[in-house]
Each structure stands twice: as C-alpha cells, then as structure tokens.
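Tertiary structure, described
Listed here are the chains, written in short residue letters.
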Amino acid sequence: MSTTRSEIRFLLNGEAVALADVRPDETLLDFLRLRRSMRGTKEGCAEGDCGACTVLVGRLANGDLVYEGVNACIRFLGSLDGCHVVTIEHLKRPDGTLHPVQQAMVDFHGSQCGFCTPGFVMSLYALWMRNPSPSNYAIEKALQGNLCRCTGYEAIVKAACAVSSYGDATRDPLKTERASVLATLKEMKDGKRVKIGSGDEQLLIPADADDLARILEAEPTATIVAGSTDVGLWVTKFMRRIAPVVFVGGIDELRRISVEDDAITIGSGVSYTDAFEVLSSRISSLGPLLDRIGGEQIRNMGTIGGNIANGSPIGDMPPPLIALGARLTLRKGDSRRTVELEDFFIDYGKQDRRPGEFVEAVHIPLPKQRARFAVWKVTKRRDEDITAVLGAFNISIDSDGTVTSARIAYGGMAVTPKRARAVEAVLVGQPWTMETVEKAVGAYPSDFKPITDMRASAEYRMLVARNLLKRFFLESADSGRPLQVKRYEVMA
Ligand SMILES: Cc1cc2nc3c(=O)[nH]c(=O)nc-3n(C[C@H](O)[C@H](O)[C@H](O)COP(=O)(O)OP(=O)(O)OC[C@H]3O[C@@H](n4cnc5c(N)ncnc54)[C@H](O)[C@@H]3O)c2cc1C
Ligand code: FES
Ligand code: FES
C-alpha cells in the first residue's frame, strides 16, 4: 500500500472535498472566492489584520474536534488537509432561517456597509460556540482581530451580548453533527505523506515529525509553514515565491506541551491559543502579553516556534523567553542539538538554523523562587499592533536586598532580540535600589543603538527602554502594584 497520497482532503461546510490541483501558495480565500464562487467571505486587507475573511476551521486535537476562527486570506489551502472549513454560507438554515448570531446582528443594527459583517459574524459564532454568555471582555477579545471602518462596534457588541437569548448553542449544527464530522476527519487522517507537484513546485505535508525530518533532508531549502501568519504575507504582500513548501501545522508531535516542576517544554507547532493556559498560569506576566499578540484569528494560527524561527527583531516571544533562559531543540534527520535562544539570533534575518534543520521545541525554565519576572509591550495602539519596544526582566534579589542575577532582554532595540548585558552587569551584586537602577540606566547606550522607523524614533525607544527598567523597580518595590491602567471599562 502506498505511503503517499497526491491530493488533499477536507470538509467544506457539508461537502467532502478532494483536490489534486493545489498550488503551494494558494490561499483558502482565493479558493473560496475564485474557484468556488463563495463570495460571502470577504477580502479586506489580505494580511490578517481586518478579519473580513474570517472562517472557522475545525481540526482534530487529542482525538477531539476544535473549531477556531482563522484568516482565510493568509491561510494556505494545503494546510487544511484533514480539517473542516466552515464559511458564512453554512450559517443560514436551508429554510432561510438566520443563525442566532446573524439575527442578533440584524436586530441590533450591527451591520452598516456590511463589508466586515461576515467576518464579525464568524468571530462571534466561534465565541458563541465556546461561551454562549460571554462577558464584555470576552467579546472584546474575540473581536480584537475584526475591524469595522464605520466604527459600528457598539451595535456589534450589543448583538454579541444578546445572542444567548436567541438560541441554544448546544443545538447548533456544528455541535449536533460533531460526531459524524469527527469520524470523517479521523478517516481523512490516514497517516500518509501528501505530495502534490514536483521539484520547485512541490507541496508536501509530512505524515509525522520523523517524516518531516526525512523531507527536509531531501529538500533542505523548502519553506516550512506552520501557522502562515508570517509566510502568508510573503505571498500576499511581497509576491515572494515560497515553493517547495512543507506544511507542518498538522504534526501532532510538534503541538505537544509538557510541564515539569521547574520548566515547560513547548513543541514548535503550539499556537498562542493553545499555549495560553499553561504559560499564563505559570508565568503570569505572559498572559497579558499573549492577549496582545495579533487578534484571536492570528493567535489561533500563529505558533511560538514560527515567531522564534522567523527571527524578527520585533517578535514578541523571544525577549521574554531569552530573559527566562529558554533553549531551543533543533532537529536534522535523527540528530538533535540544543542552543540557547539568545544565541539563535545571529544578525538581522540570520538565525542559527542549518539547511534541513527545523525547530522542534522550546524549553522554558520557570522563574526561580526569589526571582521577579515581568514583560511589557509598548505600541501605538493597545490591540493588534506590532511592538515599538518590548522589555522583559528576570531579576533575583536575595534576602538582604542584593541583586544576585539579572537577565534583561528587549525587542525593537537592535537588529535582533537582544540581552542588555551592560545594564545587567551594573545591577548584579548591587543593592536593589533606585540609585542602582539610575546607574544601570546610564549603561543602555553600551547595549543598544536603536533606529528610527514608522513605529518609533530612536530617542523614544531609548527612553522607553530605560523607563521600563524603572517601572520594573517601582512595581517590584511597591508590592507589585501595577503602574498602568490595564483596561478601560465602558460606562453603562
Ligand atoms: C495581523 C498580524 C498580527 C501580528 N501580530 C503579532 C504580534 O502582535 N506579535 C508578534 O510577535 N507577531 C505578530 N505577528 C507575526 C506572526 O503572527 C508571528 O510571528 C507568529 O508567531 C508566526 O508563527 P507562524 O506559525 O504563523 O509562522 P509561519 O508564518 O508559518 O512561519 C514563520 C517563519 O518561521 C519558519 N518556521 C515555522 N515553523 C518552523 C519550524 N518548526 N522550524 C523552523 N522554521 C520554522 C517559517 O519557515 C518562516 O520562516 C502578526 C502577524 C499578523 C499577520
Ligand atoms: S482580508 Fe483582512 S484579515 Fe483577511
Ligand atoms: S459595516 Fe462597514 S466596515 Fe463594518
């Protein structure tokens, strides 16, 4: 029996689809709109920002079925093998009855020009299925990745608040038909490698992690695609050729999380959404940071491994992970090596990843007992914005108030995520006082020469970097009292 298949298979609403003609860089949105003439799913930005293209994707996770909102504009068709794609067209019942979420949007005038509406409905649908009576905060979080240019948010939030009185979420078709969808997806997952096309036009989906290792040995320069929230934009915005492509999002071994007493090991394919609970419960400062990475759709797709491997100087995960002393496991064939995360970033766009190698996992030590850890992201907007400066601090202070160790790392301050070694050196061995902190502040120019760009000027970056250290001191000295308004509540 062949161990390779030359088509991808997935469920599209109620239809089983098998496709042998899939381009390696074909997006789900293009497939829906151009090949299937399903025009309910809109294209707004084509870069994962506006949410007009939101659809749900159901996937197998630990033998169960999980539905998540994703951006069809940057989701590649090849990544959907073995998944259930649910579009806006699936919501209205055959007798014309609107779905409760759609009806609430109509009744509360949640749609003005309507361009963003299908995306809002799909995001609210995903929320309603997992939380039929959400709080305002849950609604805000669910809609972080949906933009309405008519600023119709208030009406949309009111619709979201009311939707629980419109119908019973347990009677929704995705819940009532769950068992049969689950059985179909399990059948589709036949343990075979998928290979479509040849040479430079290949699309490959490994059967498992060992198969990925074999594929990359044969195709060492292939583009690895995990959540495609970076690679998707290389195609839609920069028109880059990415084939041959290897889709790794469906590899179960890369989606594992293991928790030990003093560390957490996260597979490179774990999404922000899946990492949230374990990271935020053990390292509390990471919770608010994760909540501000993209919108919900990006967090459902994007992986921590992709954020690291991409090597951006303004990626949000490397600085806190460097401050925590994280290490990467890289695999090539059957050999593995471990590198300190801070050493992985060599120069702008240059990481310590050899041809044929892939990131397998990231090992994150938990802060030590006497350590204080915090991370802050500074951006122009609170939600869905890319970092101007991000500072992470992991400082241990002994019982007589002396700094015994310091690991401080920044994003947005250099061509790579980088430690503030000169600043750390001033702090270690000194009393944890404002006087020491003021001395350390003077060492920043030895560590960083930030640039001016559209996100911030060099002067602003330097000022913010220094102030974040002062903030860390003040919060740690004042029993952890936060010095920032974290949320603005809407007055009733
Ligand atoms: C709208 C939007 C908002 C965003 N907001 C943020 C934000 O707030 N903060 C932030 O930090 N980032 C943000 N990003 C960037 C992106 O979401 C993250 O960098 C994400 O973590 C990338 O993960 P991915 O799985 O999607 O990677 P992919 O796009 O699939 O891959 C990214 C890179 O990593 C490589 N790669 C992936 N997996 C592996 C592996 N296992 N081994 C080796 N190489 C691998 C790929 O080849 C590619 O070079 C945003 C992106 C978008 C589109
Ligand atoms: S079209 Fe804007 S997020 Fe996809
Ligand atoms: S209703 Fe006009 S952009 Fe949303």
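Parameters and conventions
Residues numbered from 1 in each chain as written. Chains lettered and ligands numbered in written order. Predicted model: local features only at pLDDT ≥ 70, side-chain atom pairs only at ≥ 80, totals over all residues. Heavy atoms only, no water. Helix = DSSP H or I, 4+ residues; strand = E, 2+ residues; numbered from the N terminus. Buried < 20%, exposed > 50% of the residue type's maximum accessible area, 1.4 Å probe, protein only. Pairing = 2+ DSSP bridges. Axes fitted to C-alpha atoms, helices over the stretch in contact; angles between N-to-C directions. Contact = heavy atoms within 4.5 Å. Domains from an automatic or database assignment. Buried area = accessible area lost by both parts, 1.4 Å probe. Salt bridge = Lys/Arg side-chain N within 4 Å of Asp/Glu carboxyl O. Polar contact = N/O pair within 3.5 Å; in protein donor to acceptor, adjacent residues only side chain to side chain. Near = heavy atom within 4 Å. Areas by Shrake-Rupley, 256 points an atom, 1.4 Å probe, with all protein chains shown as cover. Nonpolar A, V, L, I, M, F, W, Y, C, P; charged D, E, K, R; others polar. Parallel < 35°, antiparallel > 145°, perpendicular 65-115°, else oblique. Left-handed = near helix turned anticlockwise from the far one by under 90°.

1. Here we look at unusual backbone geometry
- Residue P244 is reached from A243 by a cis peptide bond, and omega for that bond is -5°.
- Positive phi is not limited to glycine here, since N62 has a value of about 50°.
- Note that N62 resides in the loop between β4 (54–61) and β5 (64–71).
- Relative accessible area serves as the criterion here: at 84%, N62 is assigned to the exposed category.
- The phi dihedral of S228 is positive, around 65°, even though this residue is not glycine.
- As for its position among the elements, S228 is in the loop between β9 (223–225) and α9 (231–236).
- Residue S228 is classed as buried on the basis of its relative accessible area of 6%.

2. A few points about the sheet that holds strand β2 (residues 8–12)
- Read across the sheet, 5 strands follow the order β3-β2-β6-β4-β5 without closing on themselves; strand pairing throughout is mixed. Looking along the sheet, the strands with just one partner apiece sit at the ends: β3 (15–19) and β5. Recorded for the sheet is a direction-independent mean angle of 30° between the axes of neighbouring strands.
- Pairing of β4 with β5, which is carried by 8 bridges, proceeds in the antiparallel orientation. Bridge pairing links L60 to L65 in β5.
- Packed onto the sheet, helix α1 (residues 28–35) meets β2, β3, β4 and β6 (84–86) and runs at close to 65° relative to β2.
- The strands that helix α3 (residues 117–130) touches are β4, β5 and β6; relative to β4, the one it contacts most, it runs at about 35°.

3. Some words on the domain arrangement of the protein chain
- Domains assigned within the protein chain are domain 1 (8–190), domain 2 (258–365) and domain 3 (371–476).
- Put simply, the middle of domain 1 and the middle of domain 2, counted by C-alpha atoms, are 28 Å apart.
- Facing the 18 residues of domain 1 at the interface are 12 residues of domain 2.
- Both sides of the domain 1 and domain 2 interface together cover about 1,100 Å² of buried area, and 41% of this is carbon and sulfur.
- The largest per-residue losses of area from domain 1 upon contact with domain 2 belong to E68, K141 and Q144, which jointly make up 39% of the total buried on that side.
- Inspection of the domain 1/domain 2 interface yields 3 salt bridges.
- Linking domain 1 with domain 2 are 11 residue pairs in polar contact (both at pLDDT 80 or more).

4. Here we look at the pattern of salt bridges
- Tallied over the entire structure, the rule returns 37 salt bridges.
- One salt bridge in this structure joins E140 and R382, with 3.2 Å as the shortest N-O distance. Here the residue E140 occupies a position in helix α4 (residues 136–142), and R382 occupies one in the loop between β18 (371–378) and β19 (389–397), the gap between them amounting to 242 residues.
- The class of R382 is partly exposed, set by a relative accessible area of 34%.
- Among the ionic pairs, D316 bridges to K377, the shortest N-O distance being 2.6 Å.

5. Section: the site of ligand 1
- Taken together, 33 residues lie near ligand 1, and I224, T229, D230, Y272 and T303 sit nearest.
- Within the backbone of A226, a nitrogen or oxygen atom sits 2.8 Å from an oxygen atom of ligand 1.
- Between D230 and ligand 1, the recorded distance is 2.6 Å, taken from a side-chain N or O atom to an oxygen atom.
- Isolated, ligand 1 exposes 990 Å² of accessible area, and the fraction of that covered by the protein chains is 94%.
- Among the elements that line the shell around ligand 1, the one with the most residues is helix α13 (residues 304–310), at 4 residues.
- Looking at the shell around ligand 1, its residues break down into 13 nonpolar, 12 polar and 8 charged.

6. Considerations on the pairing of strand β13 (residues 327–332)
- Strand direction decides the pairing type here: β13 and strand β14 (residues 335–340), joined by 6 bridges, are antiparallel. Each residue of the ladder has a partner; that of R331, found in β14, is R336.
- Counted along the chain from β13 to the antiparallel partner β14, the turn is 2 residues long, and its residue G333 has a positive phi close to 60°.
- Taken together, the 5 bridges between β13 and strand β17 (residues 358–365) define a ladder with antiparallel strand orientation. Looking across to β17, one finds that R331 is bridged to F358.

7. Concerning the side chain of D316
- Structurally, D316 is set in the loop between α13 and α14 (318–324).
- For D316, a relative accessible area of 8% puts it in the buried group.
- Looking at D316, its side chain comes within polar contact range of the side chain of K377, at 2.6 Å.
- At 2.5 Å, the side chain of D316 and the side chain of T387 are in polar contact.
- Apart from the residues within four sequence positions on either side, D316 is in contact with L289, I293, N307, K377, T387 and L390.

8. Points about the packing of helix α17 (residues 434–441) against helix α19 (residues 458–477)
- With their axes 10 Å apart at the nearest point, α17 and α19 run at an angle of 165° to one another. Considering their axes alone, α17 and α19 lie roughly antiparallel with respect to each other. The hand of the α17/α19 crossing is right-handed. Between α17 and α19, the residues in contact are M434, V437, E438, A440 and V441 and R466, L469, K470, F473 and L474, respectively.

9. Quick word on the environment of S37
- Take S37: it is sitting in the loop between α1 and β4.
- Residue S37 is classed as partly exposed on the basis of its relative accessible area of 46%.
- In the structure, S37 is positioned 189 residues away from A226 in sequence and 27 Å away in space, judged by C-alpha atoms.

10. Side note on the sheet that holds strand β8 (residues 203–205)
- Strands sit in the order β1-β7-β8-β10-β9 across an open sheet of 5 strands; the sheet is mixed. Strand pairing shows two members of the sheet lacking a second neighbour, β1 (4–5) and β9, which therefore form its edges.
- Inspection of the sheet shows strand β7 (residues 193–196) paired to β8 by 3 bridges, in the antiparallel sense. Looking at β8, one finds that V194 is bridged to I205.

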